[in-house]
Amino acid sequence: MAIRLEDKKAIVAEVNETAGGALSVVLADYRGITSGDMTKLRAKARAEQVRLKVVRNNLAKLAIVGTEYECIRDVLVGPTILAFSMEDPGAAARLLKDFAKEKEAFNIKGLAVGGELMGADQIDRLAKLPTRHEALTMLAAVTQAPITKLARTLNEIPSKVTRAVAAVRDQKQDAA
């Protein structure tokens with residue numbers, strides 16, 4: 001079915017806007033995936049703040065011009081789904097990696113972060129990045145550790161004095 005020029009321009013603008021605000025993009029070949037499975041994938045993607053786009057390759061190539069994802073031009077061959085991570089760089093990678101485990105027909109083609117194209121074998125690098133919440137938790141633990149250690153050290157001084165006085169008392173009682 002032919003798409004009108006105005007619709008093509010709208011698609012290109014929408015994908016360009018999404019790519020402009022995305023932290024990473026993962027590309028996958030979706031041949032052999034049923035529409036029901038795609039619906040489930042889209043629902044999971046919405047929950048994870050991942051935007052899935054199925055766009056004709058020539059329109060996708062036009063849409064990524066001027067964004068940091070121009071590096072994916074060569075990967076845009078055949079049926080391709082674009083998964084843009086909007087809040088967490090690893091969200092799309094985790095989502096599509098898990099989906100690919102469930103569906104053998106679903107193949108990850110590549111991914112891009114910060115203008116660098118990576119192969120499908122690098123999906124674990126991106127998928128294993130901590131989420132924003134996990135990263136903040138780690139940061140809080142690292143910043144809290146010195147304060148906790150200082151508090152334990154300061155608490156230990158009165159405890160040592162008390163133990164020393166008790167030892168002297170016990171020693172005098174034994175001597176008497």
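So, a few notes on the structure that sits alongside this text. (Residues numbered from 1 in each chain as written. Predicted model: local features only at pLDDT ≥ 70, side-chain atom pairs only at ≥ 80, totals over all residues. Heavy atoms only, no water.)

**Regarding the packing of aromatic side chains**
- According to the stated counting rule, one finds two aromatic pairs in the structure shown.
- Arranged with centres 6.3 Å apart and planes meeting at 65 degrees, the rings of Tyr69 and Phe84 form a pair that is edge-to-face. Remark: Phe84 occurs in strand β3 (residues 81-85) and Tyr69 occurs in the loop between α3 (57-63) and β3; sequence separation between them is 15 residues. The residues Tyr69 and Phe84 share a single accessibility class, namely buried.
- A centroid spacing of 4.8 Å and a plane angle of 90 degrees characterise the contact between Phe99 and Phe106, whose relative ring orientation is edge-to-face. (Phe/Tyr/Trp six-rings, centres within 6.5 Å; stacked < 30°, edge-to-face > 60°. Helix = DSSP H or I, 4+ residues; strand = E, 2+ residues; numbered from the N terminus. Buried < 20%, exposed > 50% of the residue type's maximum accessible area, 1.4 Å probe, protein only.)

**Section: the side chain of Lys53**
- For Lys53, the location among the structural elements is in strand β2 (residues 50-54).
- Only 2.6 Å separates the side chain of Lys53 from the side chain of Glu14, close enough to count as a polar contact. (Polar contact = N/O pair within 3.5 Å; in protein donor to acceptor, adjacent residues only side chain to side chain.)

**Some words on the nonpolar core**
- Grouped together as the largest cluster of nonpolar side chains are 23 residues, with contacts concentrated most on Val26, Leu41, Val50, Leu52, Ala83, Leu96 and Phe106.
- Within the residue set of this core, elements represented by two or more residues are β1 (24-29), α2 (35-47), β2, β3, α4 (91-102), β4 (107-113) and α5 (123-127).
- Tallying contributions element by element places α4 first for this core, with six residues.
- Ignoring any residue separated from it by four or fewer positions in sequence, one finds Leu96 in contact with Val26, Ala28, Leu41, Ala83, Phe106 and Ile108. (Core = buried A, V, L, I, M, F, W, Y, C linked by side-chain atoms within 4.5 Å. Contact = heavy atoms within 4.5 Å.)

**Considering the sheet that holds strand β5 (residues 116-119)**
- Ordered in space as β2-β3-β1-β4-β5, the five strands form an open sheet in which the pairing is antiparallel. Looking at which strands have only one partner, the edges of the open sheet turn out to be β2 and β5. Here the average twist between neighbouring strands, direction ignored, is 20 degrees.
- Relative to β5, β4 runs antiparallel, the two sharing four bridges. Bridging across to β5, Leu111 finds its partner in Met118.
- In the packing of α2 onto the sheet, the strands contacted are β2 and β3, and the crossing angle to β2 comes to about 145 degrees. (Pairing = 2+ DSSP bridges. Axes fitted to C-alpha atoms, helices over the stretch in contact; angles between N-to-C directions.)

**A look at the packing of α2 against α4**
- Contact geometry of α2 with α4 gives a least axis separation of 11 Å together with a crossing angle of 155 degrees. Judged by the inter-axis angle, α2 sits roughly antiparallel to α4. The interaxial crossing formed by α2 with α4 has right-handed handedness. Contact residues: Asp37, Leu41, Lys44 and Ala45 in α2; Leu95, Leu96, Phe99 and Glu102 in α4.
- A per-class count over the contact of α2 with α4 returns five nonpolar, no polar and three charged. (Parallel < 35°, antiparallel > 145°, perpendicular 65-115°, else oblique. Left-handed = near helix turned anticlockwise from the far one by under 90°. Nonpolar A, V, L, I, M, F, W, Y, C, P; charged D, E, K, R; others polar.)

**What to know about the pattern of salt bridges**
- According to the stated counting rule, one finds seven salt bridges in the structure shown.
- Taking the shortest distance from any N to any O, the salt bridge between Arg31 and Asp29 comes out at 2.8 Å.
- Accessibility expressed as a relative area gives 10% for Asp29, which makes it buried.
- With its nearest N and O atoms 3.3 Å apart, the salt bridge here joins Asp170 to Arg169. (Salt bridge = Lys/Arg side-chain N within 4 Å of Asp/Glu carboxyl O.)

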